[in-house]
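Topology and contacts: notes
Each chain, letter by letter, is given below.
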Amino acid sequence: MSRRKKMISIVILLACCFIFQISIVQNAGLSDTVYNGWSLYLGESIETGNLYTVENRLSDIADKYLNLKMNFWAEDSATFEGISETNSNTIYYQGDPVSIFTTDFISGSYPGEQDKNSCAISDKLSWALWGSVETTGKTLKVDGTEKVVSGVFSSDSSLAILKADNKIKMTRCDISGQTLVGDNLSREDIESIISACSINNVSGMVGGKDIYSGAMIQFSIFPFTVFLALVVIIIS
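To keep things clear, this report deals only with the structure shown in the data block. All values reported here derive from a predicted model rather than from experimental measurement.

1. Looking at the nonpolar core
The biggest cluster of nonpolar side chains holds 39 residues, and the ones touching the most others in it are Met-70, Phe-72, Ile-121, Leu-140, Ile-175 and Ile-193. A total of 7 residues in this core trace back to one element, the largest contributor, which is strand β2 (residues 65-81). Counting 9 residues, the second-largest nonpolar core is a separate cluster that includes Ile-91, Phe-153, Leu-159 and Ile-161.

2. Some thoughts on the packing of aromatic side chains
One pass over the structure, following the stated rule, counts 3 aromatic pairs. Both rings, one in Phe-105 and one in Phe-153, keep their centres 5.7 Å apart while their planes meet at 70°; by these two values the pair is edge-to-face. Taken as a pair, Phe-105 in strand β4 (residues 105-108) and Phe-153 in strand β7 (residues 145-153) lie far apart in primary sequence, 48 residues in all. Aromatic ring contacts, followed pair by pair, group Phe-101, Phe-105, Tyr-110 and Phe-153 into a single cluster.

3. A closer look at the pattern of salt bridges
Opposite charge on two side chains permits pairing when their charged atoms draw close. Under the definition given, this model contains 1 salt bridge. Across the salt bridge formed by Lys-69 and Asp-96, the nearest N and O atoms sit 3.8 Å from each other. Of this pair, Lys-69 sits in strand β2 while Asp-96 sits in the loop between β3 (85-94) and α4 (97-100), and the two are 27 residues apart along the sequence. Residue Asp-96 is classed as partly exposed on the basis of its relative accessible area of 24%.

Rules of the game
- Per-chain numbering applies: the sequence of each chain, read as written, is numbered from 1 onward.
- The model is predicted, so local features are restricted to residues of pLDDT at least 70 and side-chain atom pairs to those at 80 or more, both for listing and for counting; the totals for chains, interfaces and linings are taken over all residues.
- To get the side-chain values, take all heavy atoms of the structure and skip hydrogens and water.
- Put simply, a nonpolar core is a bunch of buried Ala, Val, Leu, Ile, Met, Phe, Trp, Tyr and Cys residues held in one set by side-chain atoms that sit within 4.5 Å of each other.
- Summary of the burial criterion: residues with accessible area below 20% of their type's maximum are buried, those above 50% are exposed, and those between are partly exposed, where the area comes from a 1.4 Å probe applied to protein chains only.
- Numbering goes from the N terminus for both helices and strands, where a helix is a DSSP run of H or I of at least four residues and a strand is a run of E of at least two.
- Aromatic contacts are taken between Phe, Tyr and Trp rings whose centres are within 6.5 Å, Trp giving its six-membered ring; a plane angle under 30 degrees counts as stacked, one over 60 as edge-to-face, and the others as tilted.
- Salt bridges, as used here, are contacts in which a Lys or Arg side-chain nitrogen is within 4 Å of a carboxyl oxygen on Asp or Glu.

This is a description of form; function is not addressed.
Written out as structure tokens, the structure reads:
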């Protein structure tokens, strides 16, 4: 490679590295506001029918926090029947689906708070079942049980979101909220909350800052790779 080409390559790589690093620094301050929840892995699943006790105990301590929310969910697969039949990943939830799975709806919305006879499906699953995304209001079968499509959302995956019935066993729990002074919940806060709610089967938990730190490490790989590339170009 000629000296001129080397210099041009170095300038381009340096510019890319600089721009990307600025993006990382700018986003670093968002960790407290964007990733302020905790995700718990349950060592033993909890049947949906047994969650009412947990929810009642949560309400007893709700006045000690701001906007305290606890949502349970589980991921499984199911057989879906429309005009065609296909298997799809399925998220069963108890609580606020927006806190569990945030997405953009093409039409409709999540099932209603007490609606166990509806489901929201991805546009990819909608295409597989009917060859169309205009399927809100249509009836399908999930493992043989009829459900009404409450909404269609954008996703690269074949996915459905359903309100859990009493037999579904929950394997994940998401907790979000703030302390009374407006701080994000700490690990100690989470441990206190799950103890008060008698959730004793937690096998692991990850907090917002932990998730953000992992993402930041992944993002930082790019500028580090650029640095190595510059070294190779310079010494070659």
